[in-house]
Amino acid sequence: MSVDEKRARVKTKTARNSKEVKGAGYDDGESLGSVRHADNELLARLGYKSEFRREFSLIETIAFAFSIMGVVASVSSTLSFPLVSGGHVGMVFGWLIPCFFVMTIAASLAELTSAMPTSAGLYYFSAKLAPPRWAPLASWITGWANVTGQVALVCSIDFTCAQMIVTALNVGSDGAIALGAGPTFGILLAILATHGVVCSAATAVIARLNIFYVLVNLGTTIAAIVLLLVCSGENRVSTETAFTMFENNSGWSNNGWAFLLAFTAPMWTLTGYDSAAHISEETANAAHAAPIAILVGVGATATLGWLLSLAASYATPSVPLLLSSALPLPMGQLLLDTLGRRGMLALWSLVIVVQYVTGAAQGVDASRVVFAFARDSALPGSRWWKRVSVRTRTPVNAVWLVMVLAGVCGILGFSETALSSLAGASVIGLYVSYVTPIFLRITSGRDKLQPGPFSLGKWATPIGTVAVAWVAFIVVLLVFPPEVHPSADTMNYTVVIIMAVFVFAGLSWVVSARKWFKGPVKTVEEEEEKSNSNASTPGEYDEKRGTRVEERSVGSQEG
């Protein structure tokens, strides 16, 4: 009997005695209680005890995945990359091209999340799809890559939020307040501290706030697009210029290579959508809701981001002049030139709110990753980081660990290439963790996956192949410096961050972890699993391997 059939049977049986509810993301007459029961049953079959309240509905899960990418704030943060690497062409096509490839990654992850909805997410997928001999190592690599990317992304989002605040202070004071790296770092630490408080809140609070988040995010994005197109007036360039004018303002003489560096902006923006997997243990009907959230979140962010980049291209009469601005972020100068001081500050305040919200959402995501990895004893001090607050039912210790580590990464803010380094580290860390289970899915795990409600079917292999090839290309691209002969100040420190973590993780594996780390650890006791599996039959659970027998086709298949 398939997982879906068992879920349906439990839903039908429980619904007879449950109060029927009608809400966003659920079919009319479907019992929310029965959905949560089926979710917990599936989670138990994947080997984990349910420890969170399932407060996220379909709409709230989509809102979370969309909010974590904060389109208007992300485009505002990274506009310098396309301006330097192609000018108008960089803004338009430097955004558009990567989006098609990212959708292949999102589709592949959506399929895996639908089949195995657990907060462990990516490293769980890798363990279940790898050959048994290599499953622990695959899980170890994926988990450490994901943790690295998550922490770097929290830092980079909050760092750019600090830059936005500095920009607002500069414009509001007519240049009288021009804060340097030190004060910016102080603002970063303050933002991280407040995010620690927000991310420690109860799941229900976070879930409800996401509806507010998505409204502010979507409304500000649409407002920015319209205002840039309408208010640019005589400064608006022609369509030919907006789409075809190429300017190489980088330190690279090869125009083709310079253009490729513009891909950094959309690749940094389109990260974190695996968050739908990481909150799946807090989501009702997770096997359906999580993959939908991934696809809708990425698709909506990619589309709105391109429209905003296109509007920025039309509103930019001079790329070199924009790059010469004294403001930390070129988008701030563009809005100032287009809307005037008061108009810019009004819109910019909303952009700051969006970026702050994006950082909060990413903090939640990162803390769930740390919690899940610690639950499997893969982090130093795991017994501390896997604790769940009795009062809020959230991993508070994991939240504060993320904020502290992000603060340490924020020291890079004293470098001229701080954003490039942090963006590169977050993209490489996250996308390596994305592509590892995808690679295993199309190789050793091709016949192991038992699909969930969302499946790519026969398209899984070609789509996965494109995804793997794209990530391999991007990883190489993002370790390059912004100019040919970098100095200590202009060096891309991405490789330093990534290599420091991987050297630590690698040495830990060789010296110790390979002897005791076996991948995801079962946390469900036999008696509890039986009580949660009313629809199961004798022999369906393999006690020795910690998975149901039919789940061997998911990733525990031996030989």
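Look above for the structure.
A short tour of the structure in this document, coming up. (Residues numbered from 1 in each chain as written. Predicted model: local features only at pLDDT ≥ 70, side-chain atom pairs only at ≥ 80, totals over all residues. Heavy atoms only, no water.)

### So, the packing of helix H8 (residues 135-172) against helix H17 (residues 330-375)
Our working rule: Angles shown run from 0 to 180 degrees and are taken between the N-to-C directions of axes, each axis being a line fitted to C-alpha atoms and, for helices, limited to the stretch in contact. Numbering of helices and strands runs from the N terminus, with a helix taken as a DSSP run of H or I at least four residues long and a strand as a DSSP run of E at least two residues long. In this scheme, roughly parallel covers angles under 35 degrees and roughly antiparallel covers those over 145, while 65 to 115 is roughly perpendicular and the rest are oblique. Working rule for handedness: look at the near helix, and if it is turned counterclockwise from the far one by less than a right angle, call the crossing left-handed; if clockwise, right-handed. Each residue gets one of three labels, nonpolar for Ala, Val, Leu, Ile, Met, Phe, Trp, Tyr, Cys and Pro, charged for Asp, Glu, Lys and Arg, and polar for the others, Gly among them.
The contact between H8 and H17 brings their axes to 8 Å, and the two run at 155°. Relative to H17, the element H8 lies roughly antiparallel. In this structure, the crossing between H8 and H17 has a hand that is left-handed. Its residues assigned to classes, the contact of H8 with H17 comprises 21 nonpolar, 13 polar and three charged.

### Section: empty space enclosed by the protein
Which entries qualify depends on this criterion: Buriedness for pockets is judged along seven lines, at least five of which must meet protein on both sides within 12 Å for an open set on the 1 Å grid over protein atoms alone, while cavities are sets there where a 1.4 Å probe fits but cannot get out, and lining residues have an atom within 4 Å of a point. Grid points are joined across faces, edges and corners, and a volume is the space filled by probe spheres set on the points.
Tallied over the full model, the rule gives four cavities of 30 Å³ or more. Taken as a whole, the largest cavity spans an internal volume of roughly 70 Å³. Residue lining of the largest cavity: Val 75, Thr 78, Leu 79, Pro 82, Gly 90, Met 91, Gly 94, Trp 95, Ala 262, Ala 265, Pro 266 and Ser 309, and that is the complete set. Contributions of two or more residues to the lining of the largest cavity are made by helix H4 (71-78), helix H6 (88-115) and helix H13 (264-269). At four residues, the largest contribution of residues to the lining of the largest cavity is made by H6. Tallied by class, residues from the lining of the largest cavity come to eight nonpolar, four polar and no charged. One number sums up the size of the second largest cavity: a volume of about 40 Å³. Residue lining of the second largest cavity: Ile 68, Met 69, Ser 74, Leu 153, Ile 157, Trp 268, Thr 269, Thr 271 and Thr 358, and that is the complete set. If you list the elements that add at least two residues to the lining of the second largest cavity, you get H8 and H13. Its residues assigned to classes, the lining of the second largest cavity shows five nonpolar, four polar and no charged.

### Some points on the environment of Phe 246
Where we set the bar: Classification of residues uses two cut-offs on accessible area relative to the type maximum, computed with a 1.4 Å probe and protein chains only: under 20% is buried, over 50% is exposed, and between them is partly exposed. Note on definitions: a residue-residue contact is assigned when non-hydrogen atoms from the two residues lie within 4.5 Å.
By secondary structure assignment, the location of Phe 246 is in strand S2 (residues 246-248). By relative accessible area, which is 31% here, Phe 246 ends up partly exposed. Put simply, Phe 246 and Gly 86 are 160 residues apart on the chain and 5.0 Å apart in space, counted from C-alpha to C-alpha. Residues contacting Phe 246, with those up to four places away along its chain left out, are Gly 86, Val 89, Asn 255 and Phe 259.

### Brief notes about the side chain of Thr 436
Within the fold, Thr 436 resides in helix H20 (residues 418-442). Given a relative accessible area of 17%, Thr 436 falls into the buried group. For Thr 436, the residues in contact, after removing those within four places along its chain, are Ser 126 and Thr 142.

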